[in-house]
Amino acid sequence: MTEPKPARPLDVLIVGAGFAGLYMLHRARQGGLAARVVESAPSVGGTWYHNRYPGARVDIQSMEYSFSFSPALQQAWHWSERYAAQPELLRYANHVADRFGLRDGIQLNTRVSGAAFDEDIERWIVRADTGETWSVRFLVMATGPLSAPNTPAFDGLDSFAGPVYHTANWPHEPVDFTGKRVGIVGTGSSAVQAIPLIAQQARELTVFQRTAAYAVPAHNGPLDPAFEARIKADYAGFRARNLRMSGGFGSELPPNPVSALAVGPTEREAAFEERWRIGGFGFLGTFHDILLDERANALAAEFVRGKIRSTVRDPETARLLSPKQTIGCKRLCVDTGYYETYNRPNVRLVDVGEHPIDAITPTGLETHGRAYAFDALVLATGFDAMTGTLMRLDLRGRGGLPIQQKWRAGPLNYLGLAIAGFPNLFNVAGPGSTSAFTNVIVSIEHHVNWIADCIAYLDAHGRSTIEATEPAESAWVAHVNAVAQRTVFLTCNSWYLGANIPGKPRMFMPLLGFPPYADKCADVANKGYEGFALA
Ligand code: NAP
């Protein structure tokens, strides 16, 4: 066994080289800090490195889903499509790494396995699976809210004779389904993107659906040069307008301030049609109360079910594809030909909602007394969202407190950025923040700027540690929950609630409303980090 290499002093260690890690490294260096990114993958890119299943693409328009911190970058970069596909997003991440000279600060192929706060020296001692350790003042978890893939514990999964793919961990060599019978489990955003493309290639595709998904059309296509030119003529103004939107995006199509209940059926139908024609998340803004009032929500949901019925020719398949839960409660899917795919003769839908998957067998899958045969299995079964990555680490705060104990009843946090008992640790886009409801790049830039400014403040004021207080943390978690109570988000079993993972504590994790959240974070900082203890 090789001896661990000696600890090296650093100011900041950043875990993850996705968009959050890249920008954090840039900001830390700008602030004169000695910083290093440690990344388990052999490449930068995070989500866009791992999620390379057929059809993977962003569901926020690319002119918005991109960094705003560098005017030169946003002028220079050209997106080819309205919604960029995974390869282009990965090229963008690499471009950012090169353009800002970040590569020499990024250590790839190194998985952080644990970290413990040493109270005597007020530093985090971080360990990696390579045997390396680092001693750092600040630890920034830029690990992403959707980075721990969820593989359900299906009986017999290991016995399957063919290949098993997870959408969140897709192979880097081409996967060819030509002539193959494919089974896919799941119908969330990943599956909704993958199913149309796999169906085009495979001989036969069987979709195992537990909960039907709402999907609105992306109407993806080449980026309109006139739109690009208009945005680039005043990119700063466009970004500023988006920052005032609840999700940090969508200022070109703001929510209609009218209630769905205040208009007659003809006007309502026309409004839904218009937003359906435009496509994307703006559909949920057809009326302002779709995510707030179950009666308004039911009208939007029924409109989509009508679209499913008029698209899918087989009435029984259309019935099964028609979701029953409130629309938007689970994240809305943005699709290209999803419902149409069920008109193909080589695609069939099997409902596993009432009768779960009993077992995976060497030749396929069994449910409700029936066997289904396929040659390859795709798991589009999502993520242990928001907490999974940290909970899989040996992360210990003051007194050796493990994160698993701290978060046993749910992810206690303050501002989604900090955890009481875990000084000088920052979580980018963590539970308790608005990240999951926003254009995540907006959230990332906001968090990274806040963290960098916070570190600068500590240095300027001769402070060595900052730590969320328990009262501030409790009040924050109550606030996040109270905001959710005023919406439809507590009416279904979503990953926002942890309800997709058996045994995970149910706690509503994301916060709705970026502008008031950003104001609160600014206010906390302006008041000398109210709710934190500084030492
Ligand atoms: P997901 O939305 O959690 O979907 C997972 C699917 O697997 C669901 O249909 C789920 O059913 C099903 N499933 C899980 N365990 C199962 C089991 N034991 N038996 C049968 N079915 C099971 O995951 P995702 O599709 O990977 O998306 C997660 C999030 O990532 C999205 O909400 C989005 O935020 C992001 N994402 C974005 C894009 C994009 O367009 N840019 C693409 C992909 C992902 P239930 O619904 O019943 O739990």
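Here, the structure is the one placed above.
Now for a look at the structure at hand. Worth saying up front: this structure is predicted, and the values here are computed from it rather than measured. (Residues numbered from 1 in each chain as written. Predicted model: local features only at pLDDT ≥ 70, side-chain atom pairs only at ≥ 80, totals over all residues. Heavy atoms only, no water.)

### Digging into the site of the ligand
Residues in close proximity to the ligand total 23 residues, the closest being Thr187, Ser190, Arg210, Thr211 and Lys330. Here an oxygen atom of the ligand and a side-chain polar atom of Arg210 are 2.8 Å apart. Separating an oxygen atom of the ligand from a backbone N or O atom of Ala380 is a distance of 3.2 Å. Protein contact buries 88% of the 910 Å² of open area that the ligand shows by itself. Of all the elements, helix H5 (residues 189-201) adds the most residues to the shell around the ligand, at three residues. The residue makeup of the shell around the ligand, split by class, is nine nonpolar, nine polar and five charged. (Near = heavy atom within 4 Å. Polar contact = N/O pair within 3.5 Å; in protein donor to acceptor, adjacent residues only side chain to side chain. Areas by Shrake-Rupley, 256 points an atom, 1.4 Å probe, with all protein chains shown as cover. Helix = DSSP H or I, 4+ residues; strand = E, 2+ residues; numbered from the N terminus. Nonpolar A, V, L, I, M, F, W, Y, C, P; charged D, E, K, R; others polar.)

### Here we look at the side chain of Thr367
Inspection of the secondary structure assignment puts Thr367 in strand S14 (residues 364-367). Looking at Thr367, its side chain comes within polar contact range of the main-chain oxygen of Pro356, at 3.1 Å.

### What about the pairing of strand S4 (residues 112-118)?
Bridge count between S4 and strand S5 (residues 123-128): six bridges; the pairing is antiparallel. Of the residues in S5, the one forming a bridge with Asp118 is Arg123. Linking two consecutive strands that pair antiparallel, namely S4 and S5, is a turn of four residues; a positive phi of about 50° is found at Glu122 within it. Pairing of S4 with strand S17 (residues 394-396), which is carried by three bridges, proceeds in the parallel orientation. Residue pairing across strands places Gly114 opposite Asp394, the latter belonging to S17. (Pairing = 2+ DSSP bridges.)

### Observations regarding the state of the cysteines
Applying the stated criterion to the full structure yields one disulfide. Between the sulfur of Cys329 and that of Cys492 lies a disulfide, 2.2 Å long from S to S. Because the torsion about its S-S bond is -100°, the bridge between Cys329 and Cys492 counts as left-handed. With Cys329 in the loop between helix H10 (315-321) and strand S11 (333-335) and Cys492 in the loop between helix H15 (470-485) and helix H16 (514-526), this residue pair connects regions lying 163 residues apart in the sequence. For the pair Cys329 and Cys492, a shared accessibility class is recorded, and that class is buried. You can see Cys333 has no disulfide; the closest cysteine sulfur is in Cys492, sitting 12 Å from it. Between Cys521, a cysteine without a disulfide, and Cys454, which holds the nearest cysteine sulfur, the sulfur-to-sulfur distance is 11 Å. (Disulfide = S-S within 2.5 Å. Buried < 20%, exposed > 50% of the residue type's maximum accessible area, 1.4 Å probe, protein only.)

### A short note on the sheet that holds strand S12 (residues 347-351)
Strand order in the open sheet made by the five strands is S7-S16-S8-S9-S12, with parallel pairing throughout. Strands at the two margins of the open sheet, each flanked by one partner only, are strand S7 (164-166) and S12. In this sheet, adjacent strand axes meet at a mean angle of 20° when their direction is disregarded. Pairing of S7 with strand S16 (residues 376-379), which is carried by three bridges, proceeds in the parallel orientation. What sits directly across from Tyr165, in S16, is Val378. (Axes fitted to C-alpha atoms, helices over the stretch in contact; angles between N-to-C directions.)

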